[in-house]
Amino acid sequence: MTVVVAIPGVHSAAPASEAGPAPKRIVVAYGFWIFLLSDIVMFAVLFASYAVLVQATAGGPKGMQLFNQRTVAIETACLLFSSYTCGLMLLAVNSRRRAGMYLAALLTFALGGAFLALELREFADMIARGAGPQRSAFLSAFFTLVGCHGLHVTAGLIWLTVMMAQVAIKGFQPRVERRLLCFSLFWHALDIIWVWLFTFVYLMGVRA
Amino acid sequence: MTDARYDRAPGDQSIAPDSEERASSGVLVYTIGLVLAVGLTATSFWAANTSLLWNPGVPLGLAVLAIAQMGVHLVFFLHITTGPESTNNVLALAFGVLIVFLVVVGSLVIMANLNGMMPPAELMNLHMRH
């Protein structure tokens, strides 16, 4: 049986196999990271189906006629800044600044909500113009892909509300802190997916 | 005697609150990330609309900008580092990227191949492609 001798200074240089078990927040974040990657793989499938079907407009409107770059730019800004405020929220959690955390969470929620409102308005506008998901394979793929991201954002907003209630009731418990860490990972991952969305769906869509 | 190190599950006890300077360096990291991401996004929107660039090259440029922005998000927002704590995360990420690449490129290649072997649309009375 190996006896681990903790010598200060040597400990930090020890290989990972001798460093003892990793702290729980590292393990939890790793597990959640695996989930996020599986989520990204699911989005990759939706991206692939969109890329295959993007030309299949069945005589209906193309992306060029439907997409409004101004709306997309505002949506992108909303999501990017909400990612930033989410990071600030995590910093406030780490230094136990409750008021700062609530403010950052409120900003994150407001920006995420603004993104969602813009996206829903865009969808309603498209459906009103007869370009709903049943119009063509292209539009089915578009609504599935972008709608799936929108659903994730909705889930994130609900999660954020629940987390704020947990902090208010339970305080900064280690469990609650780990959940907040997972939420921030989730929120940043959604922003990464949006980067691919606005690049491949919208910007390349208005060019083609 | 050394067992005392493992008396409680690691990470069960809350980490000490961050000091003021650690918190402000954290803000700096997020702010650098935000500035870089805004710059890359603005470049993407500019590149998609300008007529100054060579047109066929623009989609490739947009893809490169998206990859760069993904890198910015991973490093500055998700804090993927080269440290020992993120070795597993980086390995998982590499595997995820491999799967994503296989799914997307595989689908595109197979579907393009199928499309190429398909009789002309009018013949099949399929209006898949306009």
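Criteria and cut-off values
Residues numbered from 1 in each chain as written. Chains lettered and ligands numbered in written order. Predicted model: local features only at pLDDT ≥ 70, side-chain atom pairs only at ≥ 80, totals over all residues. Helix = DSSP H or I, 4+ residues; strand = E, 2+ residues; numbered from the N terminus. Buried ≥ 20, exposed ≤ 12 C-beta atoms within 10 Å, placed from the backbone. Contact = placed C-beta atoms within 7 Å. Nonpolar A, V, L, I, M, F, W, Y, C, P; charged D, E, K, R; others polar. Core = buried A, V, L, I, M, F, W, Y, C linked by C-beta atoms within 7 Å. Expected span 1.5 Å × (residues − 1). Axes fitted to C-alpha atoms, helices over the stretch in contact; angles between N-to-C directions. Parallel < 35°, antiparallel > 145°, perpendicular 65-115°, else oblique. Left-handed = near helix turned anticlockwise from the far one by under 90°. pLDDT = per-residue confidence, 0-100.

**Student:** For this particular structure, what's the right way to read the overall build of chain B?
**Tutor:** For chain B, the count of helices and strands is 4 helices and 0 strands. In chain B, the succession of helices and strands from N to C terminus is α-α-α-α. Counting the 130 residues in chain B, one finds 15% classified as buried. Residue pairs at least 24 apart in sequence account for 47% of intrachain contacts in chain B once pairs closer than 6 positions are excluded.

**Student:** Would you mind going over unusual backbone geometry with me for this structure?
**Tutor:** A negative phi holds for most residues other than glycine; trans holds for most peptide bonds. Residues and elements named next belong to chain A. One non-glycine residue, Ala 58, lies in positive phi territory at about 50 degrees. Along the chain, Ala 58 turns up in the loop between α2 (24–53) and α3 (63–66). Look at Ala 58 and you get partly exposed, because 13 C-beta atoms sit within 10 Å. A positive phi angle is found at Arg 96, which is not glycine, with a value near 60 degrees.

**Student:** It is not clear to me how the environment of Thr 108 of chain A should be interpreted in this structure. Could you clarify?
**Tutor:** Residue and element names in this part refer to chain A. One can find Thr 108 in helix α5 (residues 98–128). In sequence terms Thr 108 and Gln 173 are 65 residues apart; their C-alpha atoms lie 22 Å from each other. Setting aside chain neighbours within four positions, we find Thr 108 in contact with Ser 82, Thr 85, Cys 86, Met 89 and Leu 160.

**Student:** Looking at this structure, I do not really get the environment of Leu 90 of chain A. What am I missing?
**Tutor:** Residue and element names in this part refer to chain A. The topology assignment puts Leu 90 in helix α4 (residues 69–94). Residue classification places Leu 90 among the buried positions, given that 23 C-beta atoms sit within 10 Å. It is 15 Å that separates the C-alpha atoms of Leu 90 and Val 162, two residues lying 72 residues apart in sequence.

**Student:** Explanation requested: the interface of chain B and chain A in the structure shown.
**Tutor:** By convention, interface size is frequently given as the accessible area that disappears when the constituent parts associate. Listed per partner, the contact involves 48 residues of chain B and 53 residues of chain A. Breaking the side of chain B that touches chain A down by element, the ones donating at least two residues are α1 (20–49), α2 (58–77) and α3 (87–117) of chain B. With 12 residues, the top contributor of residues to the side of chain B that touches chain A is α3 of chain B. Tallied by class, residues from the side of chain B that touches chain A come to 29 nonpolar, 14 polar and 5 charged.

**Student:** Can you walk me through the nonpolar core in this structure?
**Tutor:** General note: in soluble globular proteins, nonpolar side chains tend to be found buried as a group. Within the largest apolar cluster, 71 residues are counted, with the highest numbers of intra-cluster contacts made by Phe 47, Met 89, Phe 142, Ile 193, Leu 197, Phe 198 and Val 201 of chain A. Put simply, the parts of the chain that give this core at least two residues each are α2, α4, α5, α6 (137–170) and α7 (174–207) of chain A together with α1 and α2 of chain B. A per-element tally of this core places α7 of chain A first, with 18 residues. Those residues in contact with Phe 142 of chain A, other than ones at most four positions away along the chain, are Tyr 50 and Val 201 of chain A.

**Student:** Is there a simple way to think about α6 of chain A in this case?
**Tutor:** Residues lying three or four places apart along an α-helix face the same way, a consequence of the helix completing one turn every 3.6 residues. Residues and elements named next belong to chain A. Spanning 34 residues, α6 covers 48 Å between terminal C-alpha atoms, matching the ideal 50 Å at 1.5 Å per step. Buried residues of α6: Phe 138, Leu 139, Ala 141, Phe 142, Leu 145, Val 146, His 149, Val 153, Gly 156, Leu 160, Met 163 and Val 167, and no others. One or two residues past the end of α6 sits Gly 171, with phi positive at roughly 75 degrees.

**Student:** Is there a simple way to think about the packing of α2 of chain A against α7 of chain A in this case?
**Tutor:** For any two helices packed against each other, the geometry comes down to the angle between their axes and how far apart the axes lie. Residues and elements named next belong to chain A. The N-to-C vectors of α2 and α7 enclose an angle of 20 degrees; their axes lie 10 Å apart at closest approach. With respect to α7, the element α2 is oriented roughly parallel. Note on packing geometry: the crossing formed by α2 with α7 is right-handed. Judged by residue contacts, Arg 25, Val 28, Ala 29, Phe 32, Trp 33, Leu 36, Ile 40, Phe 43, Phe 47 and Tyr 50 of α2 engage Arg 178, Leu 181, Cys 182, Leu 185, Phe 186, Ala 189, Ile 193, Trp 196, Phe 200 and Val 201 from α7. Here the residues of the contact of α2 with α7 sort into 18 nonpolar, no polar and 2 charged.

**Student:** Looking at this structure, how should I read the confidence of the model for chain A?
**Tutor:** Atom-level detail of predicted coordinates should not be read off regions where pLDDT is low. On average, residues of chain A score 89 in pLDDT, and 91% of them are at 70 or above. A low-confidence stretch, residues 1–12 of chain A (pLDDT under 50), is modelled with 8 contacts involving residues beyond four sequence positions or located in other chains.

**Student:** How should I be thinking about the packing of α7 of chain A against α2 of chain B in this particular structure?
**Tutor:** With their axes 10 Å apart at the nearest point, α7 of chain A and α2 of chain B run at an angle of 170 degrees to one another. Considering the angle they form, α7 of chain A stands roughly antiparallel to α2 of chain B. Mapping the contact onto sequence places His 188, Asp 191, Ile 192, Val 195, Trp 196, Thr 199, Leu 203, Met 204 and Arg 207 of chain A in α7 of chain A and Val 58, Pro 59, Leu 62, Ala 66, Gln 69, Met 70, His 73 and Phe 77 of chain B in α2 of chain B.

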